[in-house]
Amino acid sequence: MEGLTLGHALHSSHGLNLVVPVPTSSLVSRPSFPIQPKCNLVLSTGCRVYVGTTIRKLALISPGGFPCGHSNLKQTKEGRFTTRRTSASIQPMTEELVEDKSKDLPSSGDSIRRQFLDFYASRGHKVIPSSSLVPDDPTVLLTIAGMVQFKPIFLGKGLNYEANAFGKGWGGVMKGSRVPRQVPRATTAQRCIRTNDVENVGKTSRHHTFFEMLGNFSFGDYFKKEAIKWAWELSTIEYGLPADRLWISVYEDDDEAFAIWKKERWFLHQVGVPVERIKRMGAEDNFWTSGVTGPCGPCSEIYYDFRPDRGHSDVDLGDDTRFIEFYNLVFMQYNKRDDGSLEPLKQMNIDTGLGLERMARILQKVPNNYETDLIYPIIEKAAELANVSYALADDSTKMNLKVIGDHMRAVVYLISDGVVPSNIGRGYVARRLIRRAVRTGRLLGIKGDGRGNLEVAFLPAIAVKVIELSSQIDPDVKSRAPRILEELKREELRFVQTLERGEKLLDDMLTDALLNSNENENMPILSGKDVFLLYDTYGFPVEITTEVAEERGVAIDMSGFEIEMENQRRQSQAAHNAVKLVVGNGADLTENIPDTEFLGYETLSAKAVVEGLLVNGKPVTQVSEGSDVEILLNRTPFYAESGGQIGDHGFLFVYEDRNQKKAVVEIKDVQKPLGNIFVHKGTIKEGVVEVGKEVEAAVDANLRQRAKTHHTATHLLQAALKKVIGDEASQAGSLVAFDRMRFDFNFHQPLQEKELMDIEELINKWIGDAAVLQTKVMPLADAKRAGAIAMFGEKYGEQVRVVEVPGVSMELCGGTHVSNTCEIRGFKIISEQGIASGIRRIEAVAGDAFIEYVNARDNYMRQLCSTLKVKAEEVTNRVEALLEELRMTRNEVSAVRAKAAVYKASVMASKASPVGTSKKIRVLVESMDDIDADSLKSAAECLIDTLQDPAAVILGSCPSEEKVSLVAAFTPGVVELGIQAGKFIGPIAKLCGGGGGGRPNFAQAGGRKPENLSVALEKAREELVAILSEKAS
């Protein structure tokens, strides 16, 4: 084979050799000169390219890839190459020999992501899948950065993707699998959610709620030099960014990073970044902290310059019109103490983040992140539904389309990862973004799904486009599409109803503002709190509120609204934009303690050694009788709480000799807060326990059997749900306890009684089949291909534990289970209810708990039969008869009360007083003591008939200690004067701590402050007389 000989070799410090065979015909013309064999190049990427058939891999040296000059290759007449020094960007080799790299520069978002992961994988980084948006960390609401899933490693708690191979639900680690920092380098493409800058979405070119963070991480392996070098190579060579367009920021005191950027040797010669393009910045911009205390360190960032023509003087890297920061390197090298001082970390780490959307904007040469191929197809779909052209739209319309494009990505991935819209926590984030998308769509005039169905939801039609784009981001999204679309449809239609209620509330607020202005002779104004309530709770855009208010002659307190918005923004930032790492006693204690070896699958008792003791969270060497203690063992049969199953109970025994007990510890809980180190929580019942002593660990066999029974029953329940109501019923949470089990699942409506009976019957049949369970450990990919069910949001290693009930169920699970389904004995559903929008919960019992439940219910039935003096089968008819008797009696009492109220009202009619001069209007405002609301209504109707038109009646009563009832009844003659009962009674009810409304001629209201009734009625009398006097004079 003939080849090329280059006159020199490019080299770097990385020594990966790579043979790249590519057909010569695609790149090289037929040469008429002799070509020398065995030529090689050693590129900056560390790949040695042997030129045999072709040198396509040389495309790694891209146009614009050399920042300050390079060696250009030139063919001589003899067929060899010489070097020529140039200060310009490298030119491609002669057309006959090398393909131009510029034609292959990454452009699509998917290719940018893939090239990033490949780049770092070739440098020894393990590619870790994106974790769920719902982090396995109670201190973090949502995944806001790529480092969240690595938090335990940064804390030195030994998160181990191979040792912890069986995922979250597994009870321990494989024997002998403890390897400190099994993954010294990692790279990810992490899905992230941040809502602290939600108001900037669509307004700026770069703010998003959902984005992808490409990251490379070092856990005590490489540090600044390699991180900076590779970031530069990735940016200038792999992505082909012109070096003279890149600016660098470093922490003001980080001389080390400054020197690396300035002097590092990249290729044949020293180049570096010119000093004028390296900016030192303060701690606010370039020093990362995890909290008041804990790991921290300086940052260095790479910025792309869109306007190099503006020069180097008076440069502000925060100028969004010129720069965009696309790569952030965090050098985690210090621990911040309580006194604010910094101490070097024993293990220095690298945490980086490259914004995928930002890099796509740069490479695709579009004016903002939204117009990249990652988001623009979603915007186009929204524009189609709104019947507008994005290209021809004004700035306001474009902003609204961008909001929808961004928010739809966020909510689709949130719902896919198991977040259900609600009013708390993560659910509130999803609900808020959905509502912002809905109200923005209404501003754009979107109606229906674009197929002529104007009354249906439009979000699902846009979500379909998001799902189409998801295959390279999260392949599981497509399989969850039915649930995602159904949830969006349900949430949107529900919110439309909320909007309609908000319109009514706005009308009431404007009426109140006008009334208050008349009383105080001030300009009517709607308070900032009211505007914010409409905006935040009811989804009313401020623009709509302002427009409607102006039509009614009411101003808006925008400064008050901005104060409320700022308060919420601060709360949002505090809740969602911090990942706190704390180096404390826990990390110090466990630094030299190995993972706990779990023996609980094979045995319920074992000898172990006490590795550590904690009292009130502090390490001690011994603990005496009566003390609560946390015990760390080197091995244990105790299952630690995980995967929904609670921890085992039991005892630890310390023996003085073979038969004499020296100490007894009762264990009431086992947890895994420190990775795979089990913490046994209990009380010293007798004796003294010391570190280093051997103990006999014994699990309570009866309680373990109860847990096993309920855990297997949980698997059977999920399988039965899928058979009875469909595959959309997927697990959303569970509890496996000793006395009961709880299973939460995604479903949009309550289960019918027949469905519950079918589920019970199916599960009890499987129990009776006496199926032998099979447990296997296999690669995750094989488990998924076999049909094993994985829990949404769970993090699994490369090897997983699969529990199978043959022909019924197959799930990834690390919990304890029965050997045969017949051990479950029986299954009974206790309750089925909704716990959140789209989330149902079933509570049930199995095994011993099932027997206890049935016996207890049988006892209750016996007592009921004895009390009612009927047989068990007659109880239902007897209870129905008693209820009917009770209903009839209550109706009779109500009728009597109504007659009494009418009689009282007829006597009261004489108290009506005339109002007005030209038109005498009879007005009656009275209290009727403790009459109930229905009787009060009857009394008002009687009075209106008695007083005749025109007349106005206001009645109030206190039917109970904390309840007020109000009624307003106006005849047609009063309504014709422009006075409406519904609008009049609302402000009066507010004085009693309530509200209400109704028709123009009749309205009811209520309250919770009976002590204010007399004041409220007096207020009603004064206002009614004043208004009628003016209208009828």
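Below or above, wherever it landed, is the structure these notes cover.

Definitions and limits used
- Residues numbered from 1 in each chain as written.
- Predicted model: local features only at pLDDT ≥ 70, side-chain atom pairs only at ≥ 80, totals over all residues.
- Heavy atoms only, no water.
- Helix = DSSP H or I, 4+ residues; strand = E, 2+ residues; numbered from the N terminus.
- Buried < 20%, exposed > 50% of the residue type's maximum accessible area, 1.4 Å probe, protein only.
- Areas by Shrake-Rupley, 256 points an atom, 1.4 Å probe, with all protein chains shown as cover.
- Salt bridge = Lys/Arg side-chain N within 4 Å of Asp/Glu carboxyl O.
- Contact = heavy atoms within 4.5 Å.
- Pairing = 2+ DSSP bridges.
- Axes fitted to C-alpha atoms, helices over the stretch in contact; angles between N-to-C directions.

### What to know about the overall build of the protein
Part 1 of the reasoning: Assigned secondary structure in the protein consists of 25 helices and 40 strands.
Part 2 of the reasoning: Looking at the protein as a whole, 52% of its 1033 residues are labelled buried.
Part 3 of the reasoning: Accessible surface computed for the protein: about 46300 Å², of which carbon and sulfur atoms make up 49%.

### Looking at the pattern of salt bridges
Part 1 of the reasoning: A complete count under the given rule lists 49 salt bridges for this structure.
Part 2 of the reasoning: A salt bridge links Asp320 to Arg206; its shortest N-O distance comes to 3.1 Å. In this pair, Asp320 is assigned in the loop between strand S12 (294-305) and strand S13 (323-336) and Arg206 in the loop between strand S7 (185-193) and strand S8 (210-219), connecting sequence segments 114 residues apart.
Part 3 of the reasoning: With a relative accessible area of 22%, Arg206 lands in the partly exposed category.
Part 4 of the reasoning: With a closest N to O distance of 3.3 Å, Arg740 and Asp739 form a salt bridge.
Part 5 of the reasoning: Salt bridges sharing partners connect three or more residues here, namely Arg191, Asp417, Asp474, Asp476 and Arg480.

### A closer look at the side chain of Gln645
Part 1 of the reasoning: Structurally, the position occupied by Gln645 is in the loop between strand S22 (635-636) and strand S23 (650-655).
Part 2 of the reasoning: When sequence neighbours within four positions are dropped, the list of residues in contact with Gln645 reads Tyr639, Ala707, His711, Val736, Gly815 and Thr816.

### Observations regarding the environment of Glu761
Part 1 of the reasoning: Along the chain, the position of Glu761 falls in helix H18 (residues 753-768).
Part 2 of the reasoning: Between the C-alpha atom of Glu761 and that of Phe827, which follows or precedes it by 66 residues, the distance is 8.8 Å.

### As for the sheet that holds strand S33 (residues 827-836)
Strand pairs in the sheet, formed through backbone hydrogen bonds, run parallel or antiparallel to each other.
Part 1 of the reasoning: Taken together, four strands build an open sheet; the order of strands is S28-S29-S34-S33 and the sheet is antiparallel. Lying at the two open borders of the sheet, with one neighbouring strand each, are strand S28 (731-736) and S33. If you compare each strand with its neighbour and ignore which way they point, the axes differ by 15 degrees on average.
Part 2 of the reasoning: Pairing geometry for S33 and strand S34 (residues 839-846), over eight bridges, is antiparallel. Residue pairing for S34: Ser831 is matched across the bridge by Glu843.
Part 3 of the reasoning: Sitting on the sheet, helix H17 (residues 701-725) is in contact with S28, strand S29 (741-746), S33 and S34, with an inclination near 30 degrees to S29.
Part 4 of the reasoning: The strands that H18 touches are S33 and S34; relative to S33, the one it contacts most, it runs at about 135 degrees.

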